[in-house]
Amino acid sequence: MNAETIRLIYLIFFFLELGWGTALSLLNIRRIRKNREKVPDAFAGLVEEQTYARAASYNLERGRFSVISDIFSSLVVLALIFSGTLGLLDALCRDTGLHPYFAGILFIFAVSLIFYFFSLPFSLYSHFAIEQRYGFNKMTPSLFVRDAVKGLALSGLVCAPLLLVLFWFMDTAGNLWWIIAFAFTAAFQLFLSLLYPLVIAPLFNKFTPLEEGSLKEKISALAEKLSFGVNGIFVMDGSRRSHHSNAYFTGLGRVKRIVLFDTLLTSLSEGEILAVLAHEIGHEKKKHIYRRLAASFLMLLAAFFIVNLLYRREPLFAAFGFSAVSYQGIFVILSFCSGPFTFFLTPLFTSVSRRHEYEADRYAARAGFARELEGALLRLGKDNLTNLTPHPLYSFYHYSHPTLAERIAAIRKAA
Ligand SMILES: [Zn+2]
């Protein structure tokens, strides 16, 4: 296949993805506008008119904003490919005289930085205009800058050694380098997830042990009743950045640490917090976490298999504006291709994820938390101004969780 044909195929998939994504977003926006006058029947008596109207305008703003930012970032990708910038940048990095591995890492960072700077105005507008207007943003500009610096430094610290080892495997590990590279990357990911709660998360947030009292006693009793190993219950200062709230577990294996956002503690009752935790324990008991991990490793293996197939094909590199094949080039090319060539698989992943959410809800309902779980979901839905009327096609394609109406209906049925 020559470079022209490869470009044409890429463009077809690229515009299919962009067109499909934009069409879904526009459908979703129209659905919100059509329903914004009246609280939907499923939520009559549960959601106040004022909250509903606020949620509708928040989701309209977010929806329109994401259409614009998606189109803009697509233009950046096309401009990078068709202007020959990738090839130019790659040549510049090679000309530094650095060892080829380091020149390759420099190139990958340069491309990431370009995307970072083009997305920066959108990120600023999202935080300091939209989220600010609806009272969600609690982040100061100085915290935003500190987060950005830490985030960039951290991704350099994590990615540079990984890339270095991958390049070395590509050079020296023979035909089966990609299997070795996969095993190494998977192990590296596991290692990072162990490190995350201990080293990485504390760089961005403060974690304080939940103070003694009735909530702590109730959580411990719940964990014991459901035979769930707990290694500490922590409160995270999520309110430093955003008013959105959440709860999660970290750690692999049988013993977990529970993390509650401080915003969750102020908005939910103790019973509702227990219901949220019972839902999370449901994910654990139904082995969802391991299944997700297995699925992501499978995808990683497939990605390395594809890298191995393609990393010496000159026409492919020419199609993306490179003048020569390179290790760093193939990673950038694949990251440009990953969206357009896999977008039709998205509903497969989201529907599995939604099935897991139903299972976890059912688990919590059967553990006796049906009423509290419904209360918690409704409270969080209202607090986070969740879209109560997504277009079915949009939620089918994008949503990792069933819609609020679907979840409440299923919880009532399970109880
Ligand atoms: Zn869940």
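In this text the structure is predicted, and so the values were computed from the model without any measurement. (Residues numbered from 1 in each chain as written. Predicted model: local features only at pLDDT ≥ 70, side-chain atom pairs only at ≥ 80, totals over all residues.)

Things to note about the environment of arginine 94
In step 1: Its place among the elements puts arginine 94 in helix α3 (residues 85–94).
In step 2: Owing to 18 C-beta atoms within 10 Å, arginine 94 belongs among the partly exposed residues under this scheme.
In step 3: Sequence separation between arginine 94 and glycine 104 is 10 residues, and the spatial gap between their C-alpha atoms is 7.6 Å. (Helix = DSSP H or I, 4+ residues; strand = E, 2+ residues; numbered from the N terminus. Buried ≥ 20, exposed ≤ 12 C-beta atoms within 10 Å, placed from the backbone.)

Some words on the nonpolar core
In step 1: With 37 residues, the main nonpolar core has Leu260, Ala275, Leu277, Ala278, Ala364 and Leu373 as its most contacted residues.
In step 2: Broken down by secondary-structure element, the contributors of at least two residues to this core are α1 (3–35), α2 (49–82), β4 (255–261), α9 (270–285), α13 (346–383) and α15 (404–414).
In step 3: The element contributing the most residues to this core is α13, with nine residues.
In step 4: If near-sequence neighbours (up to four positions away) are discounted, leucine 277 is found in contact with Ile219, Leu222, Ala247 and Ile258. (Core = buried A, V, L, I, M, F, W, Y, C linked by C-beta atoms within 7 Å. Contact = placed C-beta atoms within 7 Å.)

Concerning the domain arrangement of the protein
In step 1: The domain architecture assigned to the protein consists of domain 1 (3–137 + 291–348) and domain 2 (205–267).
In step 2: Distance between the C-alpha centres of domain 1 and domain 2: 33 Å. (Domains from an automatic or database assignment.)

Quick notes on the packing of α3 against helix α4 (residues 100–133)
In step 1: Orientation of α3 relative to α4, taken along the N-to-C sense of each, is 140°, at an axis distance of 8 Å. On the basis of their axis angle, the class for α3 and α4 is oblique. Between α3 and α4 the crossing geometry is right-handed. Facing Leu89, Asp90, Cys93 and Arg94 of α3, the residues of α4 in contact are Ala103, Leu106, Phe107, Ala110 and Val111.
In step 2: Tallied by class, the residues present in the contact of α3 with α4 amount to seven nonpolar, no polar and two charged. (Axes fitted to C-alpha atoms, helices over the stretch in contact; angles between N-to-C directions. Parallel < 35°, antiparallel > 145°, perpendicular 65-115°, else oblique. Left-handed = near helix turned anticlockwise from the far one by under 90°. Nonpolar A, V, L, I, M, F, W, Y, C, P; charged D, E, K, R; others polar.)

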